[in-house]
Amino acid sequence: MVTEEVFFAWLDGELEADEAERVAAEVESDEKLALRAEEHRALQRRLATAFGSVLSDPLPEALLAAARPEPEVVDLAAARRERQSRWSGVPQWAAIAATLAIGVFAGTMVPHRNDDPVRIDGGKVYAAASLDRALTTQLASAPAGDTRIGLTFRDQDGAMCRTFTQPAASGLACRDNQRWRLRGFLAAPEVQAGTYRMAGGMDPNLANLVGTAMAGEPFDAAQEKAARDKGWR
Amino acid sequence: MVPTISFDSELVAMLPRLRRFAHGLSRNPADADDLTQATVERALRSREQWQPGTRLDSWACRIMRNLWIDTARARSRKDKVEAPAEEGELVGEDPTSGMDASVDLGRMMAAMDRLPDEQREVVVLILIEGFGYREAAEMLDVPIGTVSSRLVRGRTALLEMVGA
């Protein structure tokens, strides 16, 4: 006999493999339980669809303003000192050249935060700077910089989508008017044995997103390269 | 030299999800946006307390849940006294025929609003936001067994209200 708690833990994928198998067998042989499982799966789908509609709403301006209070004020002198210390092992001329370049860079670019890997436009969030470049040019087989590309596939509307991983985050971006619009951007999970059910190293929430978005199969290396060469159309 | 993901960027990218979580907890969309905004403001003020390398989503959801708890009980008591008529309308309707997702959202929010707070929060965290039982237990600071039994009661009551 399956208790309610165990039945639902099974339905939610919370049981260990052998216990899950035992419960699955019991549900299969019990018409009432099978019907109950189906009803609750339908309820969950309905919740996912209804509340999922919130995800595609344009974000209220007031909320965006709250999330982006003021551009960060950068202490140029401190920034220079930090950059210099990173270059302490290289010849002095190189350090000076780098300092100059960074001075110019910081002086012209910092207030706009042009290296921010995401940018908001009309309530939508897009990849920018290094993340945009990685999504546009990198192949899964050739990681460069801090970004690794994972899967490439088409979504249900035919748009190209790619997953990516950075040291602190992973996410899913899909083409939208020649830009990479972020569908998900997740903080890297805490590594804690037994807490997360990892699917091939992918954040389960990301795996979930991919599962919902993907039409057909992920691209193989040749398809991925061809798609890049065609400009992700 | 490669820019790392900043706290701000991550928080901004998380706004759609935070709004969804807020819709799961709140009585109506206006309250949900207020709650999201309050959460973002609190998260920015408390950013020093977030430990890089840990999940920002769990941290932000916990902030939202605590803010909601602070205000929800008093308000929901008040609302229920003032607006009792809505409750009967849910019962016995065909839930899904030709219904738009955003229309159904209102209906699901109204049904969720009738759950006790402690059931509602586990339903939202696990069935809508996709957290595991253990993550939800940690966020709510209760044993897993408590999460599990509240979830049983919450989803069973919800199914009775809305059909499937």
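Note: the structure precedes this text.
Here's what I pulled together on the structure shown here. (Residues numbered from 1 in each chain as written. Chains lettered and ligands numbered in written order. Predicted model: local features only at pLDDT ≥ 70, side-chain atom pairs only at ≥ 80, totals over all residues.)

1. Some details on the overall build of chain B
Regarding its fold elements, chain B presents nine helices and zero strands. Along chain B, helices and strands appear, N-terminal first, in the series α-α-α-α-α-α-α-α-α. A burial count over chain B gives 40% of its 164 residues as buried. Considering only residue pairs separated by 6 or more positions, chain B has 66% of its internal contacts joining residues 24 or more positions apart. (Helix = DSSP H or I, 4+ residues; strand = E, 2+ residues; numbered from the N terminus. Buried ≥ 20, exposed ≤ 12 C-beta atoms within 10 Å, placed from the backbone. Contact = placed C-beta atoms within 7 Å.)

2. Considering the interface of chain B and chain A
Across the contact, 51 residues belong to chain B and 52 residues belong to chain A. Mapped onto the side of chain B that touches chain A, the elements with two or more residues apiece are helix H1 (7–13), helix H2 (15–25), helix H3 (29–45), helix H4 (56–82), helix H6 (101–113), helix H7 (117–128), helix H8 (133–140) and helix H9 (144–162) of chain B. Top element by residues in the side of chain B that touches chain A is H9(B). It accounts for seven residues. Looking at the side of chain B that touches chain A, its residues break down into 25 nonpolar, 15 polar and eleven charged. (Nonpolar A, V, L, I, M, F, W, Y, C, P; charged D, E, K, R; others polar.)

3. Considerations on the pairing of strand E6 (residues 179–187) of chain A
The side chains of a regular strand alternate between both faces of the sheet. Counting buried residues along E6(A), seven of its nine residues qualify, which places the element largely inside the surrounding structure. In sequence, strand E5 (residues 169–176) of chain A turns back onto E6(A) through a hairpin of two residues, with Asn177(A) there showing a positive phi of about 50°. (Pairing = 2+ DSSP bridges.)

4. Thoughts on the nonpolar core
Counting 75 residues, the largest nonpolar core has Ala173(A), Ala60(B), Met64(B), Met108(B), Val123(B) and Ile126(B) as the members making the most contacts within it. The element that contributes the greatest number of residues to this core is H7(B), accounting for seven residues. Two domains share this core, each providing at least three of its residues, namely domain 1 (4–52) and domain 3 (118–229) of chain A. Here Met108(B) is in contact with Leu47(A), Ala50(A), Phe51(A) and Val162(B), once residues within four sequence places are set aside. (Core = buried A, V, L, I, M, F, W, Y, C linked by C-beta atoms within 7 Å. Domains from an automatic or database assignment.)

5. Some points on the packing of H2(B) against H7(B)
When two helices pack together, their arrangement is captured by the angle between the axes and the distance separating the axes. Residues and elements named next belong to chain B. It is at 9 Å that the axes of H2 and H7 come closest, and there the two elements cross at 145°. Crossing hand, H2 versus H7: right-handed. Across from Arg20, Phe21, Gly24 and Leu25 in H2, the residues of H7 making contact are Arg120, Glu121, Val124 and Ile128. Of the residues contributing to the contact of H2 with H7, the split by class is four nonpolar, one polar and three charged. (Axes fitted to C-alpha atoms, helices over the stretch in contact; angles between N-to-C directions. Left-handed = near helix turned anticlockwise from the far one by under 90°.)

Nothing here speaks to function; it is geometry throughout.
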